[in-house]
Amino acid sequence: MERQGWADPSIAKGYADGFEMATRLVARKLADEVAAGPNCKALDLCTGHGVVAAELVARGSDVTGLDFSEPMIELAQSAVPTARFVQGDAMAMEFPDDTFDAVTIGFGVPHFPDPERGLKEVTRVLKPGGRVAFSIWRGKGSEGAFGWLFDAVERLADPSISLPSGPDAHMLVDGGIAKPMVENAGFHNVRLIDVASELCVSDPQVLFDVFDGGAVRAASLLKRQPKERRDAIRADLATLVQAEANTDIRGYFVPAPSVVITALSKG
Ligand SMILES: C[S@@+](CC[C@H](N)C(=O)[O-])C[C@H]1O[C@@H](n2cnc3c(N)ncnc32)[C@H](O)[C@@H]1O
């Protein structure tokens, strides 16, 4: 389902546009945490539209981006022409062992069918002592776009329609879950860092569209709702944006808090 969803050019573009500001803010933190610089051979997994790859290139690193979505690779290659982009599955990569100094994964781990196995594959391609940094949105219960969405869904969506099965997309913001999983995958010195990222929407009504048109799993939940329930969720999100978001001439700034997790490969 993930593979099919992200292969849709309109979802790829919807994500790139809708989450542009938030992903750029987090990309800087990912690049900081892997100490990206001129002597760093970096792999950006689940590279998407290339937002993290762009940040790594700006710091002088030698960058390879990998994604299984062809339209995402096209967006990334045109945004960051000096990086190399390859189509492939992060769960089973073709790179030899011990290839990279650093691996970044911007909002990709929650899409893995088995996050621990995906992170084991990361340790394989990292040199011993290499750094990983990956980001996760804060979800249910958080003050911001994802928390508001899941709260609205819980109150207003058809309860017989549920998220497709798969690992909880937000569970790794909890250090009690993230630390043992990352350590079991072959890392040490695991740290979790809060990042106060935010989205920008042109109109309060648009927050619904950001999820509906730029996501895969959350969107599948919204798309299967009857029209009146979709309208109710849209209105609920719009009320929160109107009440809570800061504004300026560019639009409404909606909190989209995230957590960056970093660790060193034991090799
Ligand atoms: C939410 S987007 C993140 C894009 C970007 N890294 C960012 O920071 O915003 C997730 C990306 O992961 C890709 N993806 C998900 N699972 C993958 C896998 N197993 N292998 C390769 N790419 C994957 C999707 O195609 C999509 O481009």
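Residues numbered from 1 in each chain as written. Predicted model: local features only at pLDDT ≥ 70, side-chain atom pairs only at ≥ 80, totals over all residues. Heavy atoms only, no water.

- Going by what an unreviewed UniProt entry lists, the protein is known as Demethylmenaquinone methyltransferase and is assigned to Ruegeria meonggei.

## Let's talk about empty space enclosed by the protein
Regions of empty space are outlined by a rolling probe, equal in size to a water molecule, passed over the atoms.
So, step 1. With the rule as written, the count across this model stands at 1 cavity of 30 Å³ or more.
So, step 2. Around the largest cavity, the lining residues are V109, P110, P115, I136, D168, A169, H170, M171 and L172.
So, step 3. Classifying every residue of the lining of the largest cavity gives 7 nonpolar, 1 polar and 1 charged. (1 Å grid on protein atoms, 1.4 Å probe; cavity = no way out; pocket = protein on both sides within 12 Å on 5 of 7 lines; lining within 4 Å. Points joined across faces, edges and corners; volume = space filled by probe spheres on them. Nonpolar A, V, L, I, M, F, W, Y, C, P; charged D, E, K, R; others polar.)

## Digging into unusual backbone geometry
Trans is the common state for peptide bonds, and a negative phi is the common state for residues other than glycine.
So, step 1. Its identity is not glycine, yet C46 carries a phi of approximately 50 degrees, on the positive side.
So, step 2. You can see C46 is positioned in the loop between β1 (41–45) and α4 (51–58).
So, step 3. Although it is not a glycine, D98 adopts a positive phi angle of roughly 55 degrees.
So, step 4. Relative to the helices and strands, D98 is located in the loop between β3 (84–87) and β4 (100–105). (Helix = DSSP H or I, 4+ residues; strand = E, 2+ residues; numbered from the N terminus.)

## Regarding the sheet that holds strand β8 (residues 246–248)
So, step 1. Across the sheet, which stays open at both edges, the 3 strands sit in the order β7-β9-β8 with antiparallel pairing between neighbours. Of all the strands in the sheet, just β7 (198–201) and β8 have a single pairing partner and so form its edges. Geometrically, the sheet is characterised by an average inter-axis angle of 25 degrees between neighbouring strands, direction not taken into account.
So, step 2. Pairing geometry for β7 and strand β9 (residues 251–255), over 4 bridges, is antiparallel. For E198, the partnering residue across the bridge sits in β9 and is P255. (Pairing = 2+ DSSP bridges. Axes fitted to C-alpha atoms, helices over the stretch in contact; angles between N-to-C directions.)

## Notes on the packing of aromatic side chains
So, step 1. This structure, assessed with the given rule, holds 9 aromatic pairs.
So, step 2. Centroid distance W6 to Y15: 5.6 Å. Interplanar angle 85 degrees. Geometry classified as edge-to-face.
So, step 3. Seen from their ring centres, F107 and W137 are 3.7 Å apart, and the 5 degrees between their planes marks the pair as stacked. A residue pair is termed long-range when its members are at least 10 positions apart, and F107 in the loop between β4 and α6 (115–125) and W137 in strand β5 (residues 126–137) qualify at 30 residues.
So, step 4. Among the residues examined, W137 registers a relative accessible area of 8% and is labelled buried.
So, step 5. Taken together, the ring pairs in this structure connect W6, Y15, F19, F107, W137, F146 and F211 into an aromatic cluster.
So, step 6. Lying across the ring of F100, K41 places its NZ or CZ 5.8 Å from the centre. (Phe/Tyr/Trp six-rings, centres within 6.5 Å; stacked < 30°, edge-to-face > 60°. Buried < 20%, exposed > 50% of the residue type's maximum accessible area, 1.4 Å probe, protein only. Lys NZ or Arg CZ within 6 Å of the ring centre and 35° of its normal.)

## Looking at α4
So, step 1. The complete set of buried residues in α4 reads V51, V52, A53, E55 and L56.
So, step 2. Lining the buried residues of α4 we find α3 (20–33), β1, β2 (62–67), β3 and β4.
So, step 3. Immediately beyond the C-terminal end of α4, within one or two residues, lies G60, with a positive phi of roughly 90 degrees. (Contact = heavy atoms within 4.5 Å.)

## Description of the side chain of S197
So, step 1. For S197, the position within the fold is in the loop between β6 (187–195) and β7.
So, step 2. A residue is classified by how much of its surface remains accessible, and S197, at 3% relative accessible area, is buried.
So, step 3. Reaching out from S197, the side chain makes a polar contact with the backbone oxygen of A256 at a distance of 2.6 Å.
So, step 4. Reaching out from S197, the side chain makes a polar contact with the side chain of S258 at a distance of 3.3 Å.
So, step 5. Every residue in contact with S197, bar those within four places of it in the chain, is listed here: A22, L25, V26, W137, V254, P255, A256, P257 and S258. (Polar contact = N/O pair within 3.5 Å; in protein donor to acceptor, adjacent residues only side chain to side chain.)

## Details of the sheet that holds β2
So, step 1. An order of β3-β2-β1-β4-β5-β10-β6 is seen for the 7 strands of this open sheet, with the pairing classed as mixed. Looking at strand neighbours, the two that pair on one side only are β3 and β6, the edges of this open sheet. Looking at each pair of strands side by side, their axes are set apart by 20 degrees on average, direction ignored.
So, step 2. With 7 bridges joining them, β6 and strand β10 (residues 258–265) adopt antiparallel strand pairing. In the sheet register, I193 faces β10, and the bridge partner there is V260.

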